[in-house]
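# Structural overview
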Amino acid sequence: MRVLLVEDDVDLSRQLKTALGDAGYAVDHAPDGEEAWFLGDTEPYDVVVLDLGLPKIDGVSVLERWRREGKTTPVLILTARGAWSDKVAGFDAGADDYLTKPFHTEELLARLRALLRRSAGHAAATCGGLRLDPRAARATVNGEPLRLTSLEYRLLHYMMMHQGRVISRTELVEHLYDQDFDRDSNTIEVFVGRLRKKIGSDRIETVRGLGYRLSPLAGESDAA
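Residues numbered from 1 in each chain as written. Predicted model: local features only at pLDDT ≥ 70, side-chain atom pairs only at ≥ 80, totals over all residues. Heavy atoms only, no water.

This part takes up the side chain of E171. Tracing the backbone shows E171 in helix α7 (residues 169-176). Using a relative accessible area of 16% as the deciding quantity, one classes E171 as buried. Those residues in contact with E171, other than ones at most four positions away along the chain, are Y158 and R165. (Helix = DSSP H or I, 4+ residues; strand = E, 2+ residues; numbered from the N terminus. Buried < 20%, exposed > 50% of the residue type's maximum accessible area, 1.4 Å probe, protein only. Contact = heavy atoms within 4.5 Å.)

With respect to burial, strand β2 (residues 26-30) is a largely interior element, 4 of its 5 residues being buried. Read from strand β1 (residues 2-6) through helix α1 (residues 10-22) to β2, the crossover connection turns out right-handed. (Right-handed = clockwise from strand over helix to strand, strands pointing away.)

Here the focus is the packing of aromatic side chains. Any two aromatic rings considered together are summarised by their centre-to-centre distance and by the angle between their planes. Tallied over the full model, the rule gives 1 aromatic pair. Ring geometry for F91 and Y98: centres 6.1 Å apart, planes at 40 degrees, overall tilted. Judged by relative accessible area, F91 falls into the partly exposed class, the value being 40%. Accessibility expressed as a relative area gives 7% for Y98, which makes it buried. Above the plane of the ring of W37 lies R65, whose end atom (NZ or CZ) is 5.4 Å from the centre. (Phe/Tyr/Trp six-rings, centres within 6.5 Å; stacked < 30°, edge-to-face > 60°. Lys NZ or Arg CZ within 6 Å of the ring centre and 35° of its normal.)

Let us now look at the nonpolar core. Of all hydrophobic cores here, the largest spans 48 residues; its most connected members are Y25, L130, L156 and L172. Here the element with the most residues in this core is helix α6 (residues 150-161); it accounts for 8 residues. If you look at the next biggest cluster of nonpolar residues, it comprises 20 residues, including A36, V60, A93 and Y98. (Core = buried A, V, L, I, M, F, W, Y, C linked by side-chain atoms within 4.5 Å.)

So, on to the sheet that holds strand β5 (residues 97-100). Within the open sheet, the 5 strands sit side by side as β2-β1-β3-β4-β5. Their pairing is parallel. Either end of the sheet is taken by a strand with one partner, and the two such strands are β2 and β5. Shown here is a sheet whose adjacent strand axes are inclined to one another by a mean of 20 degrees, direction ignored. In terms of strand pairing, β1 meets β2 through 5 bridges, oriented parallel. By the bridge assignment, L4 is partnered in β2 with D28. On the sheet, α1 packs against β1, β2 and β4 (75-79) and is oriented at approximately 165 degrees with respect to β2. Packed on one face of the sheet, helix α2 (residues 33-42) meets β1 and β2 and runs near 140 degrees to β2. (Pairing = 2+ DSSP bridges. Axes fitted to C-alpha atoms, helices over the stretch in contact; angles between N-to-C directions.)

Shown next, in the form of structure tokens:
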């Protein structure tokens with residue numbers, strides 16, 4: 001899953017990029033409101049972590065612009081502004097959640113997982129015998145742990161959050177890699193092939209000319 005981190009504090013940004021990366025996210029960073037607005041307007045993110053006290057354009061104004069333009073990406077405001085009036089302003093601007101500094105990183109990650117589940121319409125990261133533990137960035141199939149690279153995990157995470165839907169290679173590229181990565185849609189086919197070997201080839205269907213679809217095996221249910 002791909003996240004936009006909007007934070008002007010250099011040390012905090014570095015810490016959060018590391019924590020988010022360790023949790024399996026592809027992370028882009030914007031140090032000011034102007035760059036944040038541009039990236040949020042031109043790149044497809046799964047979730048945004050947004051500070052309010054930003055240089056150039058404040059966070060509330062950035063969020064208001066995105067919402068006026070029809071951007072529906074879930075946004076978690078992360079700020080030192082803890083007054084009730086600031087929270088009201090943030091939610092009225094279109095925020096989906098609000099966390100004040102200082103904070104525990106585990107709480108931030110938990111809130112992001114909840115936002116992603118809600119936006120995808122899934123209560124849990126399961127697909128038949130497949131189980132994903134986003135907190136630990138681990139996965140199992142029929143109770144057996146899977147050994148996945150970071151990109152294989154990101155691919156599986158994204159497909160499980162959008163299971164049952166055909167996902168194009170272009171969409172996968174846009175959501176698996178950060179903006180600095182040398183993107184090549186042909187590599188998606190390679191990662192899908194590796195993933196099939198680990199979770200079972202029949203779980204990922206190739207829809208010719210359109211992309212891939214992850215579904216439970218015949219006879220499987222999420223209670224399996």
